[in-house]
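# Structural overview
Each chain, written out:
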Amino acid sequence: MVCNMLSAAMSTQKLFISAAHKCLSAGKKRLSATKCLDVAAQLLAVDLGLKPALLYDISSASADQVQQYLSSLQASQLVSKLLLTLDLNGNVLIVNPISVQSSVEQFFCDSSVAVIDVCHSLEKPTITDPDRGELKSMKHDLLLLMRKLTEPMEDDKPQYVGKKSEEWNLCTVFGLLLGYPVTYWFDQTKTFENCLSMTPLVVTTASATWQGDATGHRCCLYSFSIPAILLREFQPKLDKWRHRLQEKINHQDVLKDLTVCQSMVTLPSVCL
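Fair warning: this is a prediction, and the values are worked out from it, not measured in the lab.

For the rest of this paragraph, the subject is the overall build of the chain. Assigned secondary structure in the chain consists of seven helices and 10 strands. Principal-axis analysis of the C-alpha atoms gives the chain an extent of 60 × 40 × 40 Å. In the chain, buried positions account for 50% of the 272 residues. Taking the intrachain contacts of the chain between residues at least 6 apart in sequence as the baseline, contacts between residues at least 24 apart amount to 71%. Total accessible area on the chain is roughly 13800 Å²; 53% of this is exposed by carbon and sulfur atoms.

Have a look at this one:
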């Protein structure tokens, strides 16, 4: 019985690696087995609703290649048909539209997600109003998009976001799509620079073990930063976010052993 379980786990692992090698390779260069498993574990986390979306940035694979990878896994019944590929100004994501819609709706209804203004003109990062004009408009557009994506689709093609997204601050959008409890905003109509240079940042990392791998594959599910000067004020939001994530982990058997840790970094420049 144990041998059969180990064999099934290894078989599943090989299917994920094979799909990644077949669909996500850039030229003759293939992803390592470890990176293939990292992508697979994060994709499973999206499928299970542990995170709303996965930003694919491991290789230079196109949206069509990522869609082929996803379709291959869906055909093998390794992930659900609910997931889809989203191309956002050349940035490729695999999203769970229901989870993303819920995340954006929470942003509308409560203060579970904090927005930090890091405009270059500021002396230090500050909390900003999530209902300020440009943010409210962006949230509304994003919510309409997610509601549209939950509708049945006839073909397995990437969904491309139109020109409207060119007005969005993608840094803020990614924070929402990826399920962070905090996201950054800056006035991109003036400059893409920010005030985080030499600012102490607390980096929060959440990791779990993928039980589908017979040897137990450890992967990072979340990684985001908060200016240290604002940590005390944001701690209740962080605690609430961690509690919700732990509850989700407890209600499934694929990803286990959640660990959330923090570290401090100070960088000469921060690219958002």
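After presenting the structure, the write-up continues.
Attention shifts here to the sheet that holds strand β6 (residues 159-160). Pairing within the open sheet is mixed, and its four strands lie in the order β1-β3-β2-β6. Each edge of the open sheet is held by one strand with a lone partner, namely β1 (53-56) and β6. Sheet topology places strand β2 (residues 84-88) next to β6; two bridges connect them, and they run parallel. Bridge pairing links Asp87 to Tyr160 in β6. Running at roughly 150° to β1, helix α2 (residues 33-47) makes contact with β1 and β3 (91-95) of the sheet.

Let's shift gears to the confidence of the model for the chain. Across the chain, the average pLDDT comes to 86, with 92% of residues at or above 70. Note on residues 1-9: pLDDT is under 50 here. Beyond four places in sequence and across chains, it has four contacts.

Phi is positive for Gln77, close to 60°, though the residue is something other than glycine. Among the secondary structure elements, Gln77 is positioned in the loop between α3 (63-75) and β2. Residue classification places Gln77 among the exposed positions, given a relative accessible area of 71%.

Let us now look at helix α7 (residues 231-250). With 20 residues, α7 should cover 28 Å at 1.5 Å per step; its first-to-last C-alpha distance of 27 Å lies within 8% of that length. Of all the bends found along α7, the most pronounced is centred on Lys237 and spans about 30°. Looking at α7, one finds that the buried residues are Leu231, Phe234, Leu238, Trp241, Leu245 and Ile249.

Glancing now at the pairing of β3. Among the five residues that make up β3, four are buried, leaving the element largely enclosed by the rest of the structure. Relative to β3, β1 runs antiparallel, the two being bridged by four bridges. Across the sheet, Leu54 pairs through a bridge with Ile94, a residue of β3. In this structure, β2 lies alongside β3, joined through five bridges in antiparallel fashion. Within β3, the position partnered with Leu88 by the bridge is Asn91. In sequence, β2 turns back onto β3 through a hairpin of two residues, with Asn89 there showing a positive phi of about 55°.

The description of two aromatic rings rests on the distance between their centres and on the angle between their planes. Under the definition given, this model contains six aromatic pairs. For the ring pair Phe16 and Trp210, a centre distance of 5.5 Å and an interplane angle of 90° mean the geometry is edge-to-face. Here Phe16 is found in helix α1 (residues 2-23), whereas its partner Trp210 is found in strand β8 (residues 201-210), with 194 residues between them in sequence. Members of the aromatic cluster, connected to one another through ring pairs, are Tyr180, Tyr222, Phe224 and Trp241.

Definitions and limits used
Residues numbered from 1 in each chain as written. Predicted model: local features only at pLDDT ≥ 70, side-chain atom pairs only at ≥ 80, totals over all residues. Heavy atoms only, no water. Helix = DSSP H or I, 4+ residues; strand = E, 2+ residues; numbered from the N terminus. Buried < 20%, exposed > 50% of the residue type's maximum accessible area, 1.4 Å probe, protein only. Contact = heavy atoms within 4.5 Å. Areas by Shrake-Rupley, 256 points an atom, 1.4 Å probe, with all protein chains shown as cover. Pairing = 2+ DSSP bridges. Axes fitted to C-alpha atoms, helices over the stretch in contact; angles between N-to-C directions. pLDDT = per-residue confidence, 0-100. Expected span 1.5 Å × (residues − 1). Bend = angle between axes of the 7 residues up to and from the residue. Phe/Tyr/Trp six-rings, centres within 6.5 Å; stacked < 30°, edge-to-face > 60°.

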